[in-house]
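# Structural characterization, general
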Amino acid sequence: MKYALIIPDGCADEPQESLGGKTPLQAANVPAMDAVAAAGTVGRANHTPAAFPPGSDVANLSLLGYDPIQQFTGRAALEAAAQGIELGPNDWAIRCNLVTVEDGIMKDFTAGHISSPEAAALLKSVQEKLGSERLEFHAGISYRNLLIYRGEGQPAPFSPDTRGTPPHDLTDKPVLDDYPRGPGCDLLYRLMSETVELFAEHPVNAARRAAGKLPATNVWLWGLGSAPQLRPFAEVYGKRGAMICAVDLLRGLARLIGWRSIEVPGATGYIDTDYAAKGRYAVAALDEVDMVCVHVEATDEASHEGRVDEKVKALEEIDRHIVAPLHDALNKHGQYRILISPDHPTPLRTKTHAHGYVPFAMAGSNVTPDAAKSYDDPTANRSTLVFPEGWRLMGHFVGD
Ligand SMILES: [Zn+2]
């Protein structure tokens, strides 16, 4: 039996006036997704327990079949795994965004989508000025970087109650009240404020300003996490899997559940990603593993920017270049199942993640079709196939 899971990140949404009262999934031309719905079932699941902020970290852990309430230890720990950074029992990983704050307002949580080489140069200066045996700054992809706190045999100053606000929740808002809070927050606050001076005259920013681009004004620390203990997917669900994605979060999750990540040239984690290349690599992976998961970030990025046209376009690209060829290939393999589901809603109205149910469509061997004829939010909202604990959907998908 072969399996494919396709995750259009954040694609669930509300009806849009500009789409004639339709949701992006309803308005998008997605014949391949609708074919899955017509051949199988449409339902809804909740991957964002109220106990946590509605992030891709919690929601994708749930979508991969792990109970976040029991298993989630923080976003940055997943990203550290992606970079192959080992965390000891007293170590903590902390997400380190490069951001643009102007007059106390979060202008851009991506520092104008700063390039990875520019980010690495800034992080190098931070390490030289503020780093130590205990504090390691690790450059990642573009604005997404990490700070690792080494506990070295003594308890770290942080706890699960240490919280930072995701900067993508602060777009166009004042930041003063959203600095880290809880045990150890004073250290994080000091590091964040000391980078303001360090970055003010930094040559990378001088060049960006001269080119009319947003500067990185400081680091923003959040998403703390200690080492997670996840049982291998093959042990829990008996399937060997592979991940196709372009963001560290999913690479880290894949590594922690014993899956390998397949790197696809041209996959960017943004709306300019190479959808066709992701589809080709996914089809090829079916020859090697039982389950392939394709995560696409473009739908979430379009939502964070409030761009309805780009969200609809991304859905249509996913349909044409990923869902259609994968469903064809699965059919040729014989026994198969396919599942399409986002992780959480990212409403265009708020430009940020939201708690709530998301629609899924599932079809394949021994899946008894229901009445659904299309894959979209309203159809899922009418369905009686509901998973309040979303992580249980994986068991349903692989067949208990
Ligand atoms: Zn997400």
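With 8 of 8 residues buried, helix α3 (residues 56-63) is to be regarded as a mostly interior element. For α3, every residue scored as buried is listed here: Ser56, Asp57, Val58, Ala59, Asn60, Leu61, Ser62 and Leu63. The first or second residue beyond α3 is Gly65, which carries a positive phi of 95 degrees.

Interhelical geometry of helix α6 (residues 116-130) versus helix α8 (residues 203-210) gives an angle of 145 degrees and a closest axis separation of 9 Å. Side by side, α6 and α8 meet where Glu118, Ala121 and Leu122 of the first sit next to Val204, Asn205 and Arg208 of the second.

What follows deals with the coordination of the zinc ion. Distances from the zinc ion to its protein donors, Asp9 (OD), Asp9 (OD), Ser56 (OG), Asp343 (OD) and His344 (NE2), fall at 1.9 to 2.5 Å. Counting residues between consecutive donors of the zinc ion along the chain gives the motif D-x46-S-x286-D-H. Residue Asp9 is located in the loop between β1 (2-8) and α1 (24-27), and its partner His344 is located in the loop between β11 (336-340) and β12 (357-364); the two are separated by 335 residues in the primary sequence. Residue classification places Asp9 among the buried residues on the basis of a relative accessible area of 0%.

Another aspect to go through is the sheet that holds strand β10 (residues 291-296). Taken in spatial order, the 8 strands of this open sheet run β9-β8-β10-β1-β11-β12-β2-β13, and their pairing is mixed. Each of the sheet's edge strands pairs with one partner strand only, and the pair in question is β9 (260-261) and β13 (386-387). Here β1 runs beside β11; their pairing, made up of 5 bridges, is parallel. Counterpart to Ala4 in the pairing with β11 is Ile338.

Moving on to the environment of Asp328. Considering the arrangement of structural elements, one finds Asp328 in helix α13 (residues 308-333). Take Asp328: its relative accessible area is 44%, and that puts it in the partly exposed class. Separated by 37 residues in sequence, Asp328 and Met291 place their C-alpha atoms 15 Å apart.

Let's shift gears to the packing of aromatic side chains. Taken as a whole and assessed by the stated rule, the structure comprises 10 aromatic pairs. Pairing Phe233 with Tyr237 gives two aromatic rings, centres 4.8 Å apart and planes at 40 degrees, and the pair type is tilted. Separated by 4 residues within a single helix, Phe233 and Tyr237 lie in helix α9 (residues 233-237), roughly one turn from each other. These aromatic residues form a ring-pair network of at least three members: Trp92, Tyr149 and Phe158.

With that settled, the discussion passes to the pattern of salt bridges. Pairing between side chains becomes possible if they bear opposite charge and their charged atoms approach one another. Counted by the stated rule, this structure contains 19 salt bridges. Ionic pairing is found between Arg144 and Glu301, a salt bridge with its closest N-O pair at 3.4 Å. With a gap of 157 residues between them, Arg144 in strand β6 (residues 144-149) and Glu301 in helix α12 (residues 298-304) connect regions that are remote in the sequence. For the pair shown, Arg144 and Glu301 are each scored as buried. Residue Glu288 is joined to Arg260 by a salt bridge in which the shortest nitrogen-to-oxygen separation is 2.2 Å.

Two elements, strand β5 (residues 135-141) and β6, share 5 bridges in a ladder whose sense is antiparallel. Within β6, the position partnered with Ile141 by the bridge is Arg144. Turn length for the β5-β6 hairpin, with the two strands adjacent in sequence and antiparallel, is 2 residues, and the turn residue Ser142 shows positive phi of about 55 degrees.

On to the nonpolar core. If you look at the biggest cluster of nonpolar residues, it comprises 44 residues, and the most contacted ones within it are Ile6, Met33, Val323, Leu326 and Ile338. If one sorts the elements of this core by residue count, α13 sits on top with 9 residues. Setting aside residues no more than four positions away along its own chain, Leu326 makes contact with Ala4, Ile6, Ala282, Val283, Leu286, Val292 and Val294. Leu123, Leu147, Leu191 and Val204 belong to the second-largest nonpolar core, a separate cluster that totals 37 residues.

Turning our eyes to something else, we now look at the domain arrangement of the protein. For the protein, the assigned domains read domain 1 (2-71 + 229-398) and domain 2 (82-225). Each of domain 1 and domain 2 was reduced to a C-alpha centroid, and the two centroids are 29 Å apart. With 15 residues of domain 1 in contact, the opposing surface of domain 2 contributes 11 residues. Each partner contributes to the roughly 1,100 Å² buried at the junction of domain 1 and domain 2, and carbon and sulfur atoms together form 49% of this total. Counting across the domain 1 and domain 2 interface gives 1 salt bridge. Those elements that provide at least two residues to the side of domain 1 that touches domain 2 are α10 (248-256) and α12. For the side of domain 1 that touches domain 2, the element with the most residues is α10, which contributes 4 residues. Of the residues in the side of domain 1 that touches domain 2, the class split is 3 nonpolar, 5 polar and 7 charged.

Moving on to the pairing of β1. Among the 7 residues that make up β1, 7 are buried, leaving the element largely enclosed by the rest of the structure. Burial of β1 is two-sided: the residues Lys2, Ala4, Ile6 and Pro8 facing one way and the residues Tyr3, Leu5 and Ile7 facing the other way are all buried. With 6 bridges connecting them, β1 and β10 associate as parallel partners. Paired with Ala4 across the bridge in β10 is Val292.

With that out of the way, let us pick up the packing of helix α2 (residues 31-39) against α13. Close contact between α2 and α13 brings their axes to 7 Å; oriented N to C, the two are set at 55 degrees. What the angle tells us is that α2 and α13 run oblique. Of the residues in α13, those in contact with Pro31, Ala32, Met33 and Val36 of α2 are Leu315, Ile318, Asp319, Val323, Ala324 and His327. Broken down by class, the residue content of the contact of α2 with α13 amounts to 8 nonpolar, 1 polar and 1 charged.

Criteria and thresholds
Residues numbered from 1 in each chain as written. Predicted model: local features only at pLDDT ≥ 70, side-chain atom pairs only at ≥ 80, totals over all residues. Heavy atoms only, no water. Buried < 20%, exposed > 50% of the residue type's maximum accessible area, 1.4 Å probe, protein only. Helix = DSSP H or I, 4+ residues; strand = E, 2+ residues; numbered from the N terminus. Axes fitted to C-alpha atoms, helices over the stretch in contact; angles between N-to-C directions. Contact = heavy atoms within 4.5 Å. Donors = N, O, S within 2.8 Å, 3.2 Å for Na, K, Ca; no water. Pairing = 2+ DSSP bridges. Phe/Tyr/Trp six-rings, centres within 6.5 Å; stacked < 30°, edge-to-face > 60°. Salt bridge = Lys/Arg side-chain N within 4 Å of Asp/Glu carboxyl O. Core = buried A, V, L, I, M, F, W, Y, C linked by side-chain atoms within 4.5 Å. Domains from an automatic or database assignment. Buried area = accessible area lost by both parts, 1.4 Å probe. Nonpolar A, V, L, I, M, F, W, Y, C, P; charged D, E, K, R; others polar. Parallel < 35°, antiparallel > 145°, perpendicular 65-115°, else oblique.

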